[in-house]
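Understanding the architecture of this molecule
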Number of protein chains: 2
Amino acid sequence: MGMTHVTIQEARARIAPYITRTPLLRLRALDEYLGCEVYAKPECLQVTGSFKYRGAMNKILSLSDDQLQRGIVAASSGNHGKAVAYAARMLGVKATIVLPHTAAQVKVDTIQKWGAEVVRCELAERFEVAQRIADETGGAIVPPFNDKAIMAGQGTAGLEIAEDCPDLDAVVIPVSGGGLIGGVSCALKATLPKAKVYGAEPAALPRWTASLAAGQPTSVEKKATVADALVSLIPGDACFPYVAQNVDAFAAVDEEFILKGTKLIVSEGKLVCEPSSGIGAGAILQGLIPVSETDKLCLFVSGGSVSLEQLGNL
Amino acid sequence: MGMTHVTIQEARARIAPYITRTPLLRLRALDEYLGCEVYAKPECLQVTGSFKYRGAMNKILSLSDDQLQRGIVAASSGNHGKAVAYAARMLGVKATIVLPHTAAQVKVDTIQKWGAEVVRCELAERFEVAQRIADETGGAIVPPFNDKAIMAGQGTAGLEIAEDCPDLDAVVIPVSGGGLIGGVSCALKATLPKAKVYGAEPAALPRWTASLAAGQPTSVEKKATVADALVSLIPGDACFPYVAQNVDAFAAVDEEFILKGTKLIVSEGKLVCEPSSGIGAGAILQGLIPVSETDKLCLFVSGGSVSLEQLGNL
């Protein structure tokens, strides 16, 4: 079964008791910098601090009772790991989170505090290790993005944006593997067909720009980026067709502008956001997305995993 | 004429075309730290970055056409000066802002960018200089807090809180001269009589604790505080009776807890707030305000005037 507007609506009803229905914020202070009427979807205020909780919750609630009894497994040192651990706790399900030895201790502590079992391994082995645990226990893997239930969960944020601003002109969404933009673009094109949907990815890792040009998921060379939550080297094959159909254009944003966009959202927008979320504002500052003064534009602020020290260094 | 629920409602209609109707945010991530259901009124997202714009706009819109033609004058190096300059620009009125020589150049630049004339003087002389300019030009002074139209403007935020959470149990408001809490407590007691209203002031400058004990505005000794927007030495005499009638209790918060509260709102609440706004969370962390697990409590986040460098130093 595919992901559709209907499966996103079903996801919304399913996860409603657990998530924060985040508002759409009007960030007037950003208008003069970005040249349009600026709104933000502040998923930094979502439970566990990012939109990842929507998809993880929808996926877990879509599993059978049998599967839930055998537990769930996820590999992620970032927002996805936190989201899965917290969702499992809320639902009384056993979770195992596979974390690389390089994961920060504070993340390990948080995930353990929420009752998940933590298994450490080498960074490159983490998906293998997760699969092995799932095979041994009969538990279900909760993947970070390449899954229709995950995408439908993330898409619920799109339904909320459409409800809150029916005359929206455009939304800019940070992109890595494609789970968030896959769901949100599907929801928006069904509810606000005239609104443009733009993706923003690091210019250092232009997998979507490359893949859409090639007509299929195409991997790019590994490079460093300050947008440390947007590091997939290849689009998810489950996400690719939805993104190809529903996204109007992609911007490949330079590191300098990712940081400028982040700084703008924090210092003028007054929202704590990670560089991976500031990339949308960066795309506009770099002139990669066309806007006019009367456009109502929504920045998707996907998460706030950034330390006070990092903020100081901006 | 006094300030009443009715004059606050009139203020609301008057300023509605100009202000941001800020939402009430649910900050679930703070529940475990503060021991209750935490909400925030994010006036850091208000036009000019603080609630001050509400009162300034209401005051200016209450002046006669004659007065407006002669211009307006305000003395403030902080949020109030920015609010008056911006409101004047929106209304096409000439504004003169009196700033001490110690004011940061970035604030001077911002205020000038908005078209206001800036007059520099010694810090201690600023109110005298403003009065002299008003006398010479026939212009009207827009005071920072000790005025019923200013209070009524700030009170509009209270009407919004009551609308957004009709079963609110308590609100905690940062306090300096009393303009904000005077208006908001009046609005809340009229709309949600069961909700408790708490004021939070720096323990270093306990003018409200002292004044309420004395039964009249009483000044305290000048001392430094990290809450640099809460430095009035004496309550406003126009504010005092409203606060005495409508506020349930005051908390005098230690410097250490002002900083802890600020850090909590930024790092876990994901809102950029100045120490003068973090004081409410600090009051609860210090155990000065009684809360229970099922209480719905609103932190009034009054402004976000804080640099990235200051955030890094938290």
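Residues numbered from 1 in each chain as written. Chains lettered and ligands numbered in written order. Predicted model: local features only at pLDDT ≥ 70, side-chain atom pairs only at ≥ 80, totals over all residues. Heavy atoms only, no water.

A short note on the overall build of chain A
When its secondary structure is counted, chain A shows 14 helices and 10 strands. At 18 Å, chain A has a C-alpha radius of gyration in line with the 20 Å of a compact globule built from 314 residues. In terms of overall dimensions, chain A has a C-alpha envelope of 55 × 40 × 40 Å along the principal axes. Counting all 314 residues of chain A, 59% fall into the buried class. Look at the contacts in chain A between residues 6 or more apart in sequence, and 73% of them connect residues 24 or more apart. A total of about 12,000 Å² of accessible surface is found on chain A, and carbon and sulfur atoms cover 50% of it. (Helix = DSSP H or I, 4+ residues; strand = E, 2+ residues; numbered from the N terminus. Rg over C-alpha atoms; globule rule 2.2 N^0.38 Å. Buried < 20%, exposed > 50% of the residue type's maximum accessible area, 1.4 Å probe, protein only. Contact = heavy atoms within 4.5 Å. Areas by Shrake-Rupley, 256 points an atom, 1.4 Å probe, with all protein chains shown as cover.)

Here's the deal with the interface of chain B and chain A
In this assembly, 26 residues from chain B lie in contact with 25 residues from chain A. The contact between chain B and chain A buries some 2,100 Å² in all, and 63% of this surface belongs to carbon and sulfur atoms. Together, B:Arg28, B:Lys270 and B:Leu308 form the three largest contributors to the area buried by chain B at its contact with chain A, with a combined 33%. Our count for the contact surface shared by chain B and chain A stands at two salt bridges. (Buried area = accessible area lost by both parts, 1.4 Å probe. Salt bridge = Lys/Arg side-chain N within 4 Å of Asp/Glu carboxyl O.)

A few points about the domain arrangement of chain A
All names here are of chain A. If you check the domain split of chain A, you get domain 1 (5-50 + 147-313) and domain 2 (72-138). The distance between the C-alpha centroids of domain 1 and domain 2 comes to 25 Å. Across the contact, six residues belong to domain 1 and seven residues belong to domain 2. Across the domain 1 to domain 2 interface the summed buried area is about 600 Å²; carbon plus sulfur atoms make up 61%. Where domain 1 meets domain 2, there are zero salt bridges. (Domains from an automatic or database assignment.)

Examining the relation of the copies chain B and chain A
Each copy of the sequence occupies a distinct position, and chain B is placed on chain A by a rotation of 180 degrees and an axial shift of 0.0 Å, giving an RMSD of 0.0 Å. When the rotation and shift are considered jointly, the pair of chain copies conforms to a two-fold rotation axis. Closest approach to the rotation axis within chain B is made by the C-alpha atom of B:Gly312, at a distance of 1.8 Å. (Least-squares fit on C-alpha atoms with pLDDT ≥ 70 in both.)

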